[in-house]
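Chain residues, written in single-letter form:
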Amino acid sequence: MPTSQPDASRSFEDRVTPDDLLHTSTGTEVSPEDLVLATGRDITPRNLEWARRKLEAEGPAALEKLLP
């Protein structure tokens, strides 16, 4: 049974994911719920308040900082 492995004959550029595909921005506004879920936390009033403050301070970049 074949396994999925990168083709060693392909160039580095062919195997690298383009930068525009790595960004998490969807073109929509980031909500406090999005931020809480990205941290793996439960959506609770306390976590939502933390997310609101973080979004006010950092804007949508707050989500970019959390996700790889």
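Residues numbered from 1 in each chain as written. Predicted model: local features only at pLDDT ≥ 70, side-chain atom pairs only at ≥ 80, totals over all residues. Heavy atoms only, no water.

Enquirer: Help me understand the confidence of the model for the chain in this model?
Expert: Atom-level detail of predicted coordinates should not be read off regions where pLDDT is low. In this model, the chain carries an average pLDDT of 78, and 60% of its residues clear a pLDDT of 70 or more. Per-element confidence in the chain ranges from a low mean pLDDT of 58 for helix H2 (residues 19-22) to a high of 96 for helix H4 (residues 45-58). (pLDDT = per-residue confidence, 0-100. Helix = DSSP H or I, 4+ residues; strand = E, 2+ residues; numbered from the N terminus.)

Enquirer: What's the story with H4 in this structure? I'm lost.
Expert: In an α-helix there are 3.6 residues to a turn, and that puts residues three or four apart on one side. The terminal C-alpha atoms of H4 lie 20 Å apart, and with 14 residues this matches the ideal 20 Å at 1.5 Å per residue to within 8%. Looking at H4, one finds that the buried residues are Asn47, Leu48, Ala51 and Leu55. With its buried residues spanning 100° around the axis, H4 presents them on a single face. Of the exposed residues in H4, the ones pointing more than 90 degrees away from its buried face are Pro45, Arg46, Glu56 and Ala57. Looking at the buried side of H4, the elements it contacts are helix H3 (32-39) and helix H5 (61-66). Where H4 terminates, the next one or two residues include Gly59, which has phi positive at roughly 70°. (Expected span 1.5 Å × (residues − 1). Buried < 20%, exposed > 50% of the residue type's maximum accessible area, 1.4 Å probe, protein only. Arc of directions from axis to C-beta. Contact = heavy atoms within 4.5 Å.)

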